[in-house]
Amino acid sequence: MENLGLIFAPLFSYKLLIVLFFGTIFGLILGVLPGLGPTTGGALILPFTMTLDPLSAIVLLTAIYCAGTYGGAITAILINTPGTPAAAATCLDGYPLAQKGEAGRALGMATVSSVIGGIASVIVLIFFAPLLANLAYEFGQPEYFALAIFGLTMLASIGEGSPIKNLIAGAFGILISTVGKDFMTSIDRFTFGINELTEGIGFIPVVVGLFAISEMLTQSTLINQIFNRVALKAVKLPSIDDYKKTWKTIIRSSGIGSFIGVLPAEGGTVASLIGYAEAKRWSKKPEDFGKGSIEGIAGAEAANNAATGGAMVPTLALGIPGSATTAVILTGLIIHGVRPGPDLFREQPEFLYGIFGSMLIANILFFVLGFFGAKIFARITLVPNKLLWPMIFAVSVCGTYSLNQSIIDVWLMLLFGVIGFFMRRYGFSVVPVIIGLILGELVEGTLRQSLVIFDGNWLMFLQRPIALTFFVLSLIALSFPLIKRKKKNDKV
Amino acid sequence: MNDVHNEKGTNKSLSLFFKSSFIVSAVIILISSILLYFTFTFDIVPPILNRGIQPATFPKALLILIIALTLLTYFISLKNPWKNEKKLPNSFYITLLSFVVFITVSKFLDFFLGIALLSIIVSYFWGERRVAYLIIVSIIFPLIVFVFFETILGLRFPPGIITNLYYR
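Quick notes on the rules
Residues numbered from 1 in each chain as written. Chains lettered and ligands numbered in written order. Predicted model: local features only at pLDDT ≥ 70, side-chain atom pairs only at ≥ 80, totals over all residues. Helix = DSSP H or I, 4+ residues; strand = E, 2+ residues; numbered from the N terminus. Buried ≥ 20, exposed ≤ 12 C-beta atoms within 10 Å, placed from the backbone. Contact = placed C-beta atoms within 7 Å. Rg over C-alpha atoms; globule rule 2.2 N^0.38 Å. Expected span 1.5 Å × (residues − 1). Bend = angle between axes of the 7 residues up to and from the residue. pLDDT = per-residue confidence, 0-100. Core = buried A, V, L, I, M, F, W, Y, C linked by C-beta atoms within 7 Å. Domains from an automatic or database assignment. Axes fitted to C-alpha atoms, helices over the stretch in contact; angles between N-to-C directions. Parallel < 35°, antiparallel > 145°, perpendicular 65-115°, else oblique. Left-handed = near helix turned anticlockwise from the far one by under 90°. Nonpolar A, V, L, I, M, F, W, Y, C, P; charged D, E, K, R; others polar.

**Focus on the overall build of chain B**
Within chain B, the regular secondary structure consists of seven helices and zero strands. Tracing chain B from N to C terminus, the helices and strands come up as α-α-α-α-α-α-α. Residues classed as buried in chain B amount to 26% of the 168 residues present. For chain B, long-range pairs separated by at least 24 residues make up 56% of all intrachain contacts whose partners lie at least 6 apart in sequence.

**Notes on the overall build of chain A**
Scanning chain A from N- to C-terminus turns up 17 helices and two strands. A compact globule built from 492 residues should have a C-alpha radius of gyration of about 23 Å, and chain A, at 22 Å, falls within 12% of that. Expressed as lengths along the three principal axes of its C-alpha atoms, the size of chain A is roughly 70 × 55 × 45 Å. A separation of at least 24 residues holds for 79% of the contacts in chain A among residues at least 6 apart in sequence.

**Comments concerning the environment of A:Val383**
One can find A:Val383 in the loop between α13 (349–379) and α14 (385–404). It is 14 Å that separates the C-alpha atoms of A:Val383 and A:Gly31, two residues lying 352 residues apart in sequence.

**Here's the deal with helix α8 (residues 240–262) of chain A**
All names here are of chain A. Over its 23 residues, α8 runs 32 Å from end to end, which matches the ideal 33 Å to within 8%, given 1.5 Å per residue. By the largest-angle criterion, Thr246 marks the main kink of α8, which is about 50 degrees. Where the residues of α8 are buried, they touch α4 (88–136), α9 (267–282) and α10 (294–318).

**Observations concerning the confidence of the model for chain B**
Any residue range with low pLDDT should be treated as having predicted coordinates unsuitable for detailed reading. Residue and element names in this part refer to chain B. Per-residue pLDDT for chain B averages 85, and the proportion of residues at 70 or more is 88%. Scored below 50 in pLDDT, residues 1–10 makes zero contacts in the model with residues more than four places away or belonging to other chains. For this predicted complex, the interface confidence reaches an ipTM of 0.89, while the overall pTM sits at 0.87.

**Looking at α14(A)**
For α14(A), which comprises 20 residues, the first-to-last C-alpha distance of 29 Å matches the rise-based estimate of 28 Å (1.5 Å per residue) to within 8%. Phi turns positive, to about 50 degrees, at A:Gln405, one or two residues after α14(A).

**Considerations on the nonpolar core**
Nonpolar side chains tend to gather and get buried jointly when the protein is soluble and globular. By size, the foremost hydrophobic cluster in this structure holds 192 residues, and its most contacted members are A:Ile77, A:Ala148, A:Val207, A:Phe356 and A:Ile434. Top contributing element to this core by residue count: α4(A), with 24 residues. Two domains each donate at least three residues to this core, and these are domain 1 (2–79) and domain 2 (90–167) of chain B. Leaving out residues up to four positions away in the same chain, A:Phe356 has contacts with A:Ile7, A:Val122, A:Leu125 and A:Ile126.

**Regarding the packing of helix α4 (residues 90–108) of chain B against helix α5 (residues 111–125) of chain B**
Residue and element names in this part refer to chain B. Between α4 and α5, the least distance of the axes is 8 Å, while the angle of their chain directions is 165 degrees. Overall, the two elements α4 and α5 adopt an arrangement that is roughly antiparallel. Note on packing geometry: the crossing formed by α4 with α5 is right-handed. For the pair α4 and α5, the contacting residues are Ser91, Ile94, Thr95, Ser98, Val101, Phe102, Val105 and Ser106 in the first and Phe111, Leu113, Gly114, Ile115, Leu117, Leu118, Ile121, Val122 and Phe125 in the second. Classifying every residue of the contact of α4 with α5 gives 12 nonpolar, five polar and no charged.

**Looking at unusual backbone geometry**
Residues and elements named next belong to chain A. For Phe192, which is not glycine, the phi torsion reads 50 degrees and is therefore positive. Secondary-structure assignment places Phe192 in the loop between β2 (188–189) and α7 (203–220). You can call Phe192 exposed: it has 8 C-beta atoms within 10 Å.

**With respect to the interface of chain A and chain B**
Contact with chain A, which involves 46 residues of that partner, is made by 49 residues of chain B. Considering every element that reaches the side of chain A that touches chain B, the biggest residue donor is α14(A), with 12 residues. When its residues are assigned to classes, the side of chain A that touches chain B shows 30 nonpolar, nine polar and seven charged.

**Regarding the packing of helix α11 (residues 324–335) of chain A against helix α16 (residues 431–453) of chain A**
Residue and element names in this part refer to chain A. α16 packs onto α11 with a crossing angle of 30 degrees between their chain directions and a minimal axis gap of 9 Å. Taken together, α11 and α16 sit at an angle that is classed as roughly parallel. Considering only the axes of α11 and α16, their crossing is left-handed. In this structure, α11 contributes Ala324, Ala327 and Leu330 to the contact, and α16 contributes Val431, Ile434, Ile435 and Ile438. The residue makeup of the contact of α11 with α16, split by class, is seven nonpolar, no polar and no charged.

**Thoughts on the confidence of the model for chain A**
When the pLDDT values of chain A are averaged, the result is 87; 96% of them are 70 or greater. Per-residue pLDDT, averaged within each element of chain A, yields its smallest value for helix α17 (residues 465–491) of chain A (80) and its largest for helix α15 (residues 407–425) of chain A (94).

**Some details on the environment of B:Lys83**
Residue and element names in this part refer to chain B. Along the chain, Lys83 turns up in the loop between α3 (57–79) and α4. Taking the C-beta count within 10 Å as the criterion, Lys83 has 7 such neighbours and is therefore assigned exposed. Sequence-wise, Lys83 and Ile161 are 78 residues apart; in three dimensions their C-alpha atoms are separated by 48 Å.

**Comments concerning the environment of A:Ile260**
Residues and elements named next belong to chain A. Considering the arrangement of structural elements, one finds Ile260 in helix α8. A sequence separation of 27 residues divides Ile260 from Glu287, and the C-alpha atoms of the two residues are 26 Å apart. Once you skip the residues sitting within four places of it in the chain, Ile260 turns out to touch Gly267, Val270, Ala271, Ile274, Ala307 and Gly310.

As structure tokens, this is what we get:
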């Protein structure tokens, strides 16, 4: 707690403030453009961060994350298309309210609830991340293995879509991480005689392929789609009456979002859906939901932005990403030579608290920029896809090539683009692939090292209380979708 | 009557093979099986040097898990069918083809030319007909990206007929 004062350090660094400003603007642009978003944008900007020092690089990525999550609401409200998946629930009431001529009021509520959710989650991050890091000092290899397994099972149980498909996607992600030289024995695996593959498959080609290129292919199937755009005069601050109606919803959704964010899953997307459902459940007028309810907008937006800080908790404290975007941020940390985990809290508090402070400032910045600039950002959606996507392709190709200067990375990016397109077409989420890829080395490494410690006796895992707890939680997480399905069937 | 019944039964069982759940599951299982076969070709660490498990064990376990879960998904889909996907439009196949053009041109001619060609194909077939915009998308923008990466990040692009002119 003695480090709390360090939170305000970014305010006194003009360099960090400039990075934050541009990161917020870039995040808003990415959030507004359907199909892009903070994950793809973060992955595309990673090579550029090499020109920055580690703190500035991570501050840039986190600013994109916070602002990008909010930016999705602008498109959701004005053109009924979520700019990011996390804004899908915002469409349900945002667009109907905009159609009633109250686009400014809808955006005002989205902006205020996003900021409150975002700031609440950063406060959770500031207090909870050091506690979790302290706890992690007790962790050995078996505990980390059990934790990673718990993370993957959570992904299946609370992620979007079919839990089994999520598990398949997660296993596929881990499988990708096994390509290359085995780190313990230096034996080649799945390299097929290609020299470049001995180093393994990089994170960037997979992320850019699964998100940007697969989205380009998806957009190619929608070229005749016409958006109905609602005109926006100005963003309006919510009235006293609106605050009275929504303050409980905002607080509840901020809590839900922060909690969901901490769990490794699709962070904001799941949080906003739960936040929205809970807002409806507790509302005095649930019948208004779907017809332009201001509570619906507040519930979804507070939750999805609250997930940003929550998802940073395991990322920084344990090195386990809480969402796809934090997986990109984690890669950014590793590229810049920063190893997240308990030691980071002890050795570089100024770095961590710099990130916390920057996230707080980013939330305030996107409030100001969103409030006064939403009209301008909304115009970005007027750039036609036939011009936008070829440009994104050029940046994707050069960005992917730049990290290792490897043409194989570009081919892999295209391959994962095609795989990602078909995965999404047939109901497989691509997020578990990313998390699986990031966790893959941890899962295999800790499993093998644990077996060395246990002399090959698998049952020894059960003699470690923390590991056993995570395994039990994993079983509960896996059985959760079955219980949910049974309850649903019983109701029917 | 019996014949009609048999014919209907045959059609029903045949239609199963054309369902997306069957095709997707079959593709996943086929690829996983091929990869599983490759895991048996991995080198084996002698017992004296082996720490923990063999390098092939973990990928093998993952592939078996993927096959088992895919089979489970398929059997569930028999009860709860997947939603029918719309047929893919020509613009999708053209975009996919443009990837092939990009790979071929960038491998044998020039990386930059590959990006320019892909951009012009995609932009044109997605509906852009204005020449000025096609030039912006296919030449001016990639050129800006190229110069930016080259100067700011100090990136050296692979040699090619156009890139060589720049580096000369």
